[in-house]
Amino acid sequence: VMQNLDNSVSDLGESNPQTSAKSQAFFELKRWGSKELEISKVELEDSKGEKHFLFHPDSNLRLKIHYHFNDLELFKNREKLVFGIGIHRSDGTVILGTNTDIERLGALPLSQQGIVSYSIPRIGLLDGQYRLDVAAHRQDGYPYDYHQAALTFSVRSSLGQIGVLSTEHQWSFS
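Here's the deal with the sheet that holds strand β2 (residues 37-45)
- Spatial ordering of the open sheet is given by β2-β4-β7, a layout of three strands whose pairing is antiparallel. Of all strands in the sheet, those with a lone pairing partner are β2 and β7 (113-120), marking the two edges. Ignoring strand direction, the axes of neighbouring strands in this sheet form an average angle of 20°.
- The pairing of β2 with strand β4 (residues 61-69) spans eight bridges and is antiparallel. In the sheet register, E38 faces β4, and the bridge partner there is H68.

Now the structure itself:
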């Protein structure tokens, strides 16, 4: 199914003449922060570890955030460091916003450079284009490195459901 989806959808996004200027601005990378800790690369993978930008609602998605510390003092005192993600639909609807502090992960077992992974066993989103934001910041919000629209991805389904989310469900009749 994924191979068929990948083959059936060509370049989505800026090259689409029907994409409005407002929509294009929504997907433009914006970046800010002190860079004491730097996010050097962001990747999306499927369950096989292959890079993808097109998914099905039943797809597994893994986000990989590559980072490195530029400030050794921050590395030594990293107990208040937070990594976060945001997923937004192209109309601006916030689908998910979370971080390691909200989820109470405590002190993170970080190296001077490494990868933070966030896995979603079943993405569950319906047809649409989505923007992924990633961030590294202090608990008080002070930004080390924030990437708004770090990546964009699309979800396609052949079922024709409408809305935002495809929940796991079951029909029954009696």
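With respect to the side chain of R131
- Topologically, R131 is positioned in strand β8 (residues 128-138).
- A distance of 2.9 Å separates a polar atom in the side chain of R131 from a polar atom in the side chain of D133.
- With near-sequence residues (within four places) excluded, R131 lies in contact with F26, F27, G86, I87, H88, Q148, A149, L151 and T152.

Topic: the pairing of strand β5 (residues 81-89)
- When you tally the buried positions in β5, you get nine out of nine residues, the bulk of the element.
- Across the two faces of β5 the burial is the same, with L81, F83, I85, I87 and R89 and V82, G84, G86 and H88 all buried.
- Here nine bridges tie β5 to β8, and the two strands are oriented antiparallel to one another. Paired with H88 across the bridge in β8 is R131.
- In the sheet, β5 pairs with strand β6 (residues 94-99) via five bridges, with the strands oriented antiparallel. Opposite I87, over in β6, you have L96 as the bridge partner.
- Hairpin connection of β5 to β6: four residues between the antiparallel strands, including G92 at a positive phi of 95°.

Some points on unusual backbone geometry
- Even without being glycine, K35 reaches a positive phi, approximately 70°.
- At R104, a position not held by glycine, the phi torsion is positive, near 55°.
- Owing to a relative accessible area of 75%, R104 belongs among the exposed residues under this scheme.

Some remarks on the layout of surface pockets
- Here the largest pocket is characterised by a volume of approximately 250 Å³.
- Forming the walls of the largest pocket are 16 residues, and the residues nearest its centre are F83, T100, L105, V116 and S117.
- Contributions of two or more residues to the lining of the largest pocket are made by β5, β6 and β7.
- With four residues, the top contributor of residues to the lining of the largest pocket is β7.
- In the lining of the largest pocket, the residues fall into 10 nonpolar, five polar and one charged.

So, the packing of aromatic side chains
- Applying the stated rule across the entire model yields seven aromatic pairs.
- Ring centres 4.4 Å apart and planes at 10° place the aromatic pair W32 and Y146 in the stacked group. Of this pair, W32 sits in strand β1 (residues 30-32) while Y146 sits in strand β9 (residues 143-155), placing them 114 residues apart in sequence.
- You can call Y146 partly exposed: its relative accessible area is 25%.
- Measuring from centroid to centroid gives 5.6 Å for Y67 and F83, while their planes differ by 55°, and the two rings are tilted.

About the thresholds
Residues numbered from 1 in each chain as written. Predicted model: local features only at pLDDT ≥ 70, side-chain atom pairs only at ≥ 80, totals over all residues. Heavy atoms only, no water. Pairing = 2+ DSSP bridges. Helix = DSSP H or I, 4+ residues; strand = E, 2+ residues; numbered from the N terminus. Axes fitted to C-alpha atoms, helices over the stretch in contact; angles between N-to-C directions. Polar contact = N/O pair within 3.5 Å; in protein donor to acceptor, adjacent residues only side chain to side chain. Contact = heavy atoms within 4.5 Å. Buried < 20%, exposed > 50% of the residue type's maximum accessible area, 1.4 Å probe, protein only. 1 Å grid on protein atoms, 1.4 Å probe; cavity = no way out; pocket = protein on both sides within 12 Å on 5 of 7 lines; lining within 4 Å. Points joined across faces, edges and corners; volume = space filled by probe spheres on them. Nonpolar A, V, L, I, M, F, W, Y, C, P; charged D, E, K, R; others polar. Phe/Tyr/Trp six-rings, centres within 6.5 Å; stacked < 30°, edge-to-face > 60°.

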